[in-house]
Amino acid sequence: MKPWHFWLIGLLIFVVLFLYDQNNRIVISKHRVKDKKVPSAFNGFKILHLSDLHNKSFGKNQVLLLNKIRKLNPDIILITGDLIDRRRTDFKPVLHLLKGLHSIPVYYVPGNHEAWSDCYAQLKDILISHELVVLENEERCIVRDHQRLYLYGLKDPGFYSKDDHKLKSRDQLDAHLQAWKPEGFSILLSHRPEYFDVYASHAIDISFSGHAHGGQIRFPFIGAILAPHQGFFPKYSAGMYQINTSQLFLSRGLGNSLFPFRIFNQPELILVSLESN
């Protein structure tokens, strides 16, 4: 064997290990929200946000993902869509996840892959049977010691139109939020981050989204390369964004869709702790 063969084999091993790490090592991003609108009963309240599973499994029966979640010990879990992938729907990864979350309240909004899938009705029945709260342009209140947080979930624009015309989608989301009049600290679940200016225009305190997959490929000093419905070098890709007093927490997601690899963009869980100011 020639010397360059060893270098080639070494390079291939490195690439395989690197890609495995990038696509399977879950990172935790922690944030704190201090706001005088947070009721005192919710001081220290922990919100876990996950998004864009796309049928992915983390260990047998999701054991690696579930272990991460249990160690964080959240008070509630918010899921912002794309649990399944419309091109290769597999309910098993979702079922294993749901079975492990039975003791934690979970709130869910569907994403574009649910909207474009022929299996969403079946998925919705499965989620409800596992006691998830499915929000489709609906409000819920979370109550502690007679104090409340106000939660709203938006249905993805893909349910209204497959051509996903941006102006039409913006108007639809705006119309639903116009009808929502929370009386205290407000939390929004909406799959798509590119409409954050719409959410902020309604003075929503914190919003949670996914969909952008962190830009799929990220480079130091450059950031995200490409995100669905935002194109190259997207404005919203990952992390926390703010417009006036509204904050958006944008998950890089857990799985992949059309492009099978993440690069410098590991799967992510977001933990937000509320603090009454």
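Just above sits the structure.
Residues numbered from 1 in each chain as written. Predicted model: local features only at pLDDT ≥ 70, side-chain atom pairs only at ≥ 80, totals over all residues. Heavy atoms only, no water.

A. Broad picture of unusual backbone geometry. With a phi angle near 70 degrees, Asn 55 is a residue other than glycine that sits in the positive phi range. A relative accessible area of 9% places Asn 55 in the buried class. Backbone geometry places Asn 61, a non-glycine residue, at a positive phi of 55 degrees. Relative to the helices and strands, Asn 61 resides in the loop between β2 (46-50) and α2 (63-72). (Buried < 20%, exposed > 50% of the residue type's maximum accessible area, 1.4 Å probe, protein only. Helix = DSSP H or I, 4+ residues; strand = E, 2+ residues; numbered from the N terminus.)

B. Main features of the pattern of salt bridges. Evaluation of the coordinates by the stated rule reveals 12 salt bridges. One salt bridge in this structure joins Asp 197 and Arg 170, with 2.7 Å as the shortest N-O distance. Here Asp 197, found in helix α7 (residues 196-201), pairs with Arg 170, found in helix α6 (residues 166-178); they are 27 residues apart in sequence, far enough to count as distant. When salt bridges with common partners are traced through the structure, they connect Arg 32, Lys 34 and Glu 275 into a single cluster. (Salt bridge = Lys/Arg side-chain N within 4 Å of Asp/Glu carboxyl O.)

C. Spatial organisation of the side chain of His 54. Inspection of the secondary structure assignment puts His 54 in the loop between β2 and α2. Relative accessible area serves as the criterion here: at 2%, His 54 is assigned to the buried category. There is a polar contact of 3.2 Å between the side chain of His 54 and the side chain of His 213. With near-sequence residues (within four places) excluded, His 54 lies in contact with Asp 82, Leu 83, Ile 84, Asp 85, Arg 88, His 113, His 213, Gly 255, Asn 256 and Ser 257. (Polar contact = N/O pair within 3.5 Å; in protein donor to acceptor, adjacent residues only side chain to side chain. Contact = heavy atoms within 4.5 Å.)

D. View of the sheet that holds strand β15 (residues 246-250). Strand order in this open sheet of six strands is β6-β7-β8-β9-β15-β14, and the pairing throughout is mixed. Edge strands, defined here as strands with exactly one partner in the open sheet, are β6 (138-144) and β14 (239-243). Within the sheet, the average angular offset between the axes of one strand and its neighbour, ignoring direction, is 20 degrees. (Pairing = 2+ DSSP bridges. Axes fitted to C-alpha atoms, helices over the stretch in contact; angles between N-to-C directions.)

E. Representation of helix α3 (residues 92-100). Residues Pro 93, Val 94, Leu 97, Leu 98 and Gly 100 constitute the buried set of α3. Buried residues of α3 fall within an arc of 165 degrees about the axis and therefore sit on the same side. In α3, those exposed residues whose orientation departs by more than 90 degrees from the buried face are Lys 92 and Lys 99. (Arc of directions from axis to C-beta.)

F. Up close: the sheet that holds strand β1 (residues 27-35). Read from one edge of the open sheet, six strands run β1-β16-β2-β3-β4-β5, paired in mixed fashion. With one partner strand each, in any of the chains shown, β1 and β5 (133-134) form the two edges of the open sheet. The pairing of strand β4 (residues 106-108) with β5 spans two bridges and is classified as parallel. Across the sheet, the residue bridging to Tyr 108 is Val 134, located in β5. On the sheet, α2 packs against β1, β2, β3 (76-79) and β16 (268-276) and is oriented at approximately 10 degrees with respect to β16.

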